[in-house]
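Chain by chain, the residues:
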Amino acid sequence: MPMEKTFNAAEAEARISAKWEAIGAFRAGANASRDETFCIMIPPPNVTGSLHVGHAFNNTIQDILIRWKRMQGFDTLWQPGQDHAGIATQLVVERQMAAAGLPKRTDMGRPAFLEKVWEWKEESGGTIINQLKRLGASCDWDRNAFTMDAGFHDAVIKVFVEMYNKGQIYRGKRLVNWDPHFETAISDLEVENIEVAGHMWHFKYPLAGGETYEYVERDEDGNVTLRETRDYISIATTRPETMLGDGAVAVHPSDERYASIIGKLCEIPVGPKAQRRLIPIITDEYPDKNFGSGAVKITGAHDFNDYQVAKRNNIPMYSLMDTKGAMRADGRPYADEAATAQAIANGTESFDEAKIAAMNLVPEEYRGLDRFEARKRVIADITHEGLAVTKLVKSIDPETNSEHLQLIPVVEDKPIMQPFGDRSGVVIEPMLTDQWFVDTAKIVGPALDAVREGRTKIMPESGEKVYFHWLENIEPWCISRQLWWGHQIPVWFDEDGNQYCAPTEAEAQAMALGKQLTRDPDVLDTWFSSGLWPIGTLGWPSNTLELNKYFPTNTLVTGQDILFFWVARMMMMQLAVVGKEPFGTVYLHQLVRDEKGEKMSKTRGNVIDPLVIIDEYGADALRFTMAQMAALGGVLKLSEDRIKGYRNFGTKLWNSFSFAEHYEIKFEAENPRPTPTNTLNKWIIGETGKVLEEVDAALTTYRFNDAANALYAFVWGKVCDWFVEFSKPILQGDDAAAKAETEATLKWVLDQCLILLHPIMPFITEELWAMAPDRPKMLAHTDWPTYTAAELVDDAAMREMTWVIGLIDDIRSARAQMHVPAGLKVDLLMVGLDDTAKAAFAANETLIFRLARIETANTASEVPKGAITVAAEGAVFAIPLAGLIDVDEEKSRLSKALEKLEKDMGGLRGRLNNPKFVESAKPEVVEETREKLVLGEDEISKIKAALVRLAEVG
RNA sequence: GGGCGGUUAGCUCAGCGGUAGAGCACUACGUUGACAUCGUAGUGGCCACUGGUUCGAUCCCAGUACCGCCCA
């Protein structure tokens, strides 16, 4: 059956995948021929997820590494799995229930809802696995793990209990990102900061008791630009509704404008007149003197910066909102709450966290309002009262043409960074709530040491700086979520609020004899469980074979963006739990963007769907593109054109086999490397040795782009462009021995191409591999070569073929520039060949004849007039085309070449004439420079001679 | 505001002490017995700017400008 014209990826990929699966090609330890292990943990995709380009890139890189190591005979494991994605999954299932007309989650109750989630998981949770298989990912799919699996669950609970008992986990009140839609705390990763059009309002906070001060503003030189008496301090805010919870006004300690009023009280200009709260004016380093008025209101419970200021200065933090983001409607009447708050501000009443938390400082008229509605009302009320900062605006009445001067409130339009929940799309609220935290400060040390001391290496190295910077300033990690889907926190409370932490209710009950217990309803952050991914997937806490064998793992491949969220946490957790760093190397790859470098998003409509790409171009083209672009650092801009280009590369490879087929060259099950006598064959075998070394070196150092480029240049630029072309005259010729040897070489070289390309392009290579009957193993299990360039390179053959290729290039170039028709075979004259050139030419005459399109070659004593001259090492060649060539054109061609050479040689001469260069440069560099100069000057003299001859012609 | 990067051919990017590379795009020619998803030849760069170190800087150092990303 003759080969198809091109590789039919759509048809072949599924068939090949099935075959791999059938023989268990990717099982842990498959094809192992040595004891060393190599293990990669997949960054678990979200169980609700579907494959996007980021996954495709991430998994391509992992697959290249694992296939390479597997072929090398390592005992490999690529551990796959998914995480349970608390919010996302709950959202998906709730949506589905709503669509199906089922009762709401809250009506259904927790156990029934969880049952629904599991049903969903069984049905749809495997989507991404199948998509990863289409990419060719060679995970051990039988070991697919899930963070909610029973074993994994037990591990998570065990770790929580142990860390709780060691005091590394605690419950406390801190400011967290709160999603008012899902009514849960969320992680930083789930918050998207987006710049939106916002406003900055300016309000007057009157000084208590009508006090006044001299307000003076100066320019840079200290000249007074404004001086007035004020009875207020001007405050700018983008969130007026939070004024109700202000605890202080802060100014920078060096701000002279306000020096005289530090320590005084000012009034929050909102709420019932009778109970206006007075708050202190304090100093803190946080306010920026040059920003706004330089004075900042401090609302500790609703802003992350203010929170720090409030903590530093012991300012009460009043929570204003409920879990839905509406203004609180609980608590005592406002008048009472305000009175207490005032007493606290005056310092006459003490306070603690619980007392503050219980207080509701929202005036009755705002209670229950949505936060955005409350904002409008607050603004309107302040403005109405005349406490907004105003400016004079001149307007002209269009009817009467009279001028009006009007005072209007100052409202600046200002882009602001606003946090949005990535799933809910609503504005995230910093919220003071009771949550569970990992006291990261207690476990961060070993994670820092592991990288500092080189037990774990982060690539690129800049990642290490970021890692240190983040871990050295780490904040407590909020691990509780107000969700149902996830690992429920193993803590029970008695009626007095005492905590009992235990793996099971029975054990907790045993600790709380006779007490009525209630379990904490919250679940753990998904990242807490995926923080245990390396040991959890390997069966910890059981002392499994796999745990012993593959842990610590070798390489983690993940995006730069989750260095903190996941990598750092895995480092801390594994070290805290089992005392070992989870991986030897962390390879951080680029983020995938569209061709313009923009983030891909559905709203932008610039999403490249890897499955669509695979359908159209095949998985190999996508994979090769990604490998080729996987340089260290930066952003990967993916465009379809590139993918198309690398699909063409696959076709090129395909056609090289079709070439072999055309010449009826039959691949055997094994195609051993011949020991050739022919220079051509020696040469390509040497080149193969070189490319293997390049590929190994590149993969060892995670330079996937170098590996891909080296293979591209070898397969296309060496094998197809030269070796295959050179082999034609031999294959068509009569020399049976040469023919046999060249066939054997071709078979071996093409086999090597398949082997070396397989990690990057597994499908097409496996397909071509299978065209030989009875291969002992599938390509995925074929031994990766171990020859070295030193063994395979024959220096003399390399030199000779380089000379031949250079000569053909030069003749072709000269022909093309002189407009010699491509089809025209010309006569070649050889002048003054030295012995090496003579021998090289003679040995490769047929190749040169064919590729340079030469009819005859004869020696001549001199170059005739009116001939094209081609200078080569140890020879001058001429193509007599009397009458045919344009003398001027040949002159300009040669002059141009001469000019370039002169310039280059000038540089070399300059260097060599500089005694300091010869003294201080490395000897080999000096030697190399000398050699280049000799060769160049030789060529210069040949070209000059040719120009002289041309001058004689006219 | 703090941190981390980047600026090299029209585009996307490698290179990172010895005088600049790839792919794509572009131009011209071409159905040469594998391949038009191709072949052959070619065009294209004061390597952001300014200083410094060096015999020598795209590469190292310092500063400037602009652009990203992360954290506030």
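Conventions adopted
- Residues numbered from 1 in each chain as written.
- Chains lettered and ligands numbered in written order.
- Predicted model: local features only at pLDDT ≥ 70, side-chain atom pairs only at ≥ 80, totals over all residues.
- Heavy atoms only, no water.
- Helix = DSSP H or I, 4+ residues; strand = E, 2+ residues; numbered from the N terminus.
- Rg over C-alpha atoms; globule rule 2.2 N^0.38 Å.
- Buried < 20%, exposed > 50% of the residue type's maximum accessible area, 1.4 Å probe, protein only.
- Areas by Shrake-Rupley, 256 points an atom, 1.4 Å probe, with all protein chains shown as cover.
- Lys, Arg positive; Asp, Glu negative; His and termini not counted.
- Charge placed at Lys NZ, Arg CZ, Asp CG, Glu CD.
- Salt bridge = Lys/Arg side-chain N within 4 Å of Asp/Glu carboxyl O.
- Near = heavy atom within 4 Å.
- Polar contact = N/O pair within 3.5 Å; in protein donor to acceptor, adjacent residues only side chain to side chain.
- Nonpolar A, V, L, I, M, F, W, Y, C, P; charged D, E, K, R; others polar.
- Expected span 1.5 Å × (residues − 1).
- Arc of directions from axis to C-beta.
- Pairing = 2+ DSSP bridges.
- Axes fitted to C-alpha atoms, helices over the stretch in contact; angles between N-to-C directions.
- Contact = heavy atoms within 4.5 Å.
- Phe/Tyr/Trp six-rings, centres within 6.5 Å; stacked < 30°, edge-to-face > 60°.
- Domains from an automatic or database assignment.
- Right-handed = clockwise from strand over helix to strand, strands pointing away.
- Patch = residues over 30% accessible without salt bridge, like charges linked within 9 Å, V, L, I, M, F, W, Y side chains within 5 Å.
- Parallel < 35°, antiparallel > 145°, perpendicular 65-115°, else oblique.
- Core = buried A, V, L, I, M, F, W, Y, C linked by side-chain atoms within 4.5 Å.
- Left-handed = near helix turned anticlockwise from the far one by under 90°.

## Re the overall build of chain A
Consideration 1: Within chain A one finds 32 helices and 33 strands.
Consideration 2: For 954 residues, the compact-globule estimate of 2.2 N^0.38 gives 30 Å, and the C-alpha radius of gyration of chain A, at 38 Å, exceeds that figure by more than 25%.
Consideration 3: The principal-axis extent of the C-alpha atoms belonging to chain A is close to 115 × 75 × 65 Å.
Consideration 4: Within chain A, the fraction of its 954 residues that count as buried is 55%.
Consideration 5: Surface accessibility of chain A: about 41,900 Å² in total, with carbon and sulfur atoms responsible for 50%.
Consideration 6: Charge-centre separation for chain A: the mean point of 104 positive side chains lies 1 Å from the mean point of 141 negative side chains.

## Focus: the pattern of salt bridges
Consideration 1: One pass over the structure, following the stated rule, counts 52 salt bridges.
Consideration 2: Asp-525 serves as the salt-bridge partner of Arg-481, at 3.3 Å between the closest nitrogen and oxygen. Placement of the pair is Arg-481 in strand 21 (residues 480-481) and Asp-525 in the loop between strand 25 (523-524) and helix 15 (526-530), with a sequence separation of 44 residues. This pair shows no difference in class: Arg-481 is buried, exactly as Asp-525 is.
Consideration 3: Of the charged contacts, one joins Arg-775 and Asp-751 as a salt bridge, the two residues approaching to 2.8 Å between their closest N and O atoms. A residue pair is termed long-range when its members are at least 10 positions apart, and Arg-775 in the loop between helix 25 (762-769) and helix 26 (789-792) and Asp-751 in helix 24 (residues 736-757) qualify at 24 residues. For the pair Arg-775 and Asp-751, one class covers both residues: buried.

## Regarding the protein's contact with RNA strand B
Consideration 1: Looking at RNA strand B, there are 50 residues lining it, with Asn-305, Lys-465, Thr-651, Trp-716 and Arg-911 nearest.
Consideration 2: In RNA strand B, atoms within 4 Å of the protein come 60% from sugar and phosphate.
Consideration 3: Tyr-663 is positioned such that a nitrogen or oxygen atom in its side chain is 3.0 Å from a phosphate oxygen of RNA strand B.
Consideration 4: Sorting the residues of the surface near RNA strand B by element identifies helix 13 (462-472), strand 29 (635-637), helix 21 (640-662), helix 23 (704-732), helix 27 (795-817), helix 30 (887-913), helix 31 (915-920) and helix 32 (923-953) as the ones contributing at least two each.
Consideration 5: Looking at side-chain class alone, the surface near RNA strand B contains 16 nonpolar, 16 polar and 18 charged residues.

## Let's talk about helix 1 (residues 9-22)
Consideration 1: Between its terminal C-alpha atoms helix 1 stretches 19 Å, which fits the 20 Å expected from 14 residues at 1.5 Å a residue.
Consideration 2: For helix 1, the full list of buried residues reads Ala-9, Ala-12, Glu-13, Ile-16, Ser-17 and Trp-20. Looking straight down helix 1, one finds that the buried residues subtend no more than 130° of arc, so they occupy a single side. With respect to the buried face of helix 1, the exposed residues turned more than 90 degrees away are Ala-10, Ala-14 and Ala-22.
Consideration 3: Immediately beyond the C-terminal end of helix 1, within one or two residues, lies Gly-24, with a positive phi of roughly 65°.

## Thoughts on the sheet that holds strand 17 (residues 411-421)
Consideration 1: Read from one edge to the other, the open sheet built from 3 strands follows the order 10-7-17, with strand pairing classed as antiparallel. A strand with exactly one partner marks an edge of an open sheet, and here the two such strands are strand 10 (232-237) and strand 17. Sheet twist, expressed as the mean angle between neighbouring strand axes with direction ignored, is 30°.
Consideration 2: In this sheet, strand 17 lies alongside strand 7 (residues 191-206) in antiparallel orientation, the contact comprising 11 bridges. The residue bridging Val-196 from the neighbouring strand is Ile-416, located in strand 17.

## Remarks on the side chain of Gln-342
Consideration 1: Along the chain, Gln-342 falls in helix 9 (residues 334-346).
Consideration 2: With sequence-adjacent residues up to four places away left out, Gln-342 is seen in contact with Arg-276, Arg-277 and Leu-278.

## Remarks on the pairing of strand 10
Consideration 1: The buried fraction of strand 10 is high, at 6 of 6 residues.
Consideration 2: Neither face of strand 10 is exposed, since Tyr-232, Ser-234 and Ala-236 on one face and Ile-233, Ile-235 and Thr-237 on the opposite face are all buried.
Consideration 3: Where strand 7 and strand 10 come together, 6 bridges link them in antiparallel fashion. Directly across from Trp-201, in strand 10, lies its bridge partner Thr-237.

## Let's talk about the packing of aromatic side chains
Consideration 1: A complete count under the given rule lists 36 aromatic pairs for this structure.
Consideration 2: Ring centres of Phe-659 and Tyr-663 lie 4.8 Å apart, and the angle between their planes is 50°; on these two criteria the pair is classed as tilted. Per residue, the accessibility class of Phe-659 equals that of Tyr-663, and both read buried.
Consideration 3: Put simply, the rings of Phe-160, Tyr-164, Trp-436, Trp-477 and Phe-528 pair up and form one aromatic cluster.

## A few points about the domain arrangement of chain A
Consideration 1: When cut into domains, chain A gives domain 1 (193-387), domain 2 (664-797) and domain 3 (825-953).
Consideration 2: A C-alpha centroid distance of 75 Å is found between domain 1 and domain 2.

## Observations regarding the pairing of strand 2 (residues 75-79)
Consideration 1: Where burial is concerned, most of strand 2 is hidden: 5 out of the 5 residues are buried.
Consideration 2: With helix 2 (residues 53-71) bridging strand 1 (residues 37-41) and its parallel neighbour strand 2, the resulting β-α-β unit is right-handed.

## Here's the deal with unusual backbone geometry
Consideration 1: A cis amide bond, omega 10°, links Trp-540 with the succeeding residue Pro-541.
Consideration 2: Within the secondary structure, Pro-541 sits in the loop between helix 16 (533-537) and helix 17 (545-550).
Consideration 3: With a phi close to 60°, Asn-401 is a non-glycine residue in the positive phi region.
Consideration 4: Inspection of the secondary structure puts Asn-401 in the loop between strand 15 (390-396) and strand 16 (403-409).
Consideration 5: At His-819, a residue that is not glycine, the phi angle is positive and equals roughly 60°.
Consideration 6: Here His-819 is to be found in the loop between helix 27 and strand 30 (826-831).

## Focus on a nonpolar patch on the surface
Consideration 1: There is a patch of nonpolar side chains on the surface, built from Leu-392, Leu-405 and Leu-407 and spanning about 360 Å² of accessible area.
Consideration 2: Mapped onto the fold, Leu-392 is located in strand 15.
Consideration 3: A residue is classified by how much of its surface remains accessible, and Leu-392, at 58% relative accessible area, is exposed.

## Some thoughts on the sheet that holds strand 20 (residues 477-478)
Consideration 1: On the basis of which strands lie adjacent, the open sheet formed by 4 strands has the order 6-5-18-20 and antiparallel pairing. Looking at strand neighbours, the two that pair on one side only are strand 6 (184-186) and strand 20, the edges of this open sheet.
Consideration 2: In this sheet, strand 20 lies alongside strand 18 (residues 429-438) in antiparallel orientation, the contact comprising 2 bridges. In the sheet register, Phe-437 faces strand 20, and the bridge partner there is Cys-478.

## Digging into the packing of helix 22 (residues 679-700) against helix 27
Consideration 1: Relative to each other, helix 22 and helix 27 sit at 105°, their axes nearing to 9 Å. Classified by the angle their axes make, helix 22 and helix 27 are roughly perpendicular. Counting all contacts with helix 22, which are made through Thr-679, Leu-680, Lys-682, Trp-683, Gly-686, Glu-687 and Lys-690, the residues of helix 27 involved are Ala-797, Met-798, Glu-800, Met-801 and Ile-805.
Consideration 2: Among the residues making up the contact of helix 22 with helix 27, the classes are represented as 6 nonpolar, 2 polar and 4 charged.

## What about the nonpolar core?
Consideration 1: Within the largest apolar cluster, 216 residues are counted, with the highest numbers of intra-cluster contacts made by Phe-160, Tyr-467, Phe-528, Phe-726, Phe-841 and Phe-877.
Consideration 2: Examining the composition of this core, we find that 14 residues originate from one element, helix 23, more than from any other.
Consideration 3: Each of domain 2 (664-797) and domain 3 (825-953) gives at least three residues to this core.
Consideration 4: Contacts of Phe-877, omitting those with residues within four sequence positions, involve Trp-803, Leu-807, Leu-828, Leu-829, Met-830, Leu-833, Phe-841, Ile-868, Thr-869, Val-870 and Ala-872.

## Remarks on the packing of helix 21 against helix 24
Consideration 1: Relative orientation of the contacting elements helix 21 and helix 24 amounts to 155°, with a least axis distance of 11 Å. Classified by the angle their axes make, helix 21 and helix 24 are roughly antiparallel. The hand of the helix 21/helix 24 crossing is left-handed. Contacts between helix 21 and helix 24 involve Phe-649, Leu-653, Ser-656, Phe-657, Phe-659 and Ala-660 from the first element and Leu-746, Leu-750, Cys-753, Leu-754 and Leu-757 from the second.
Consideration 2: Partitioned by chemical class, the residues of the contact of helix 21 with helix 24 number 10 nonpolar, 1 polar and no charged.

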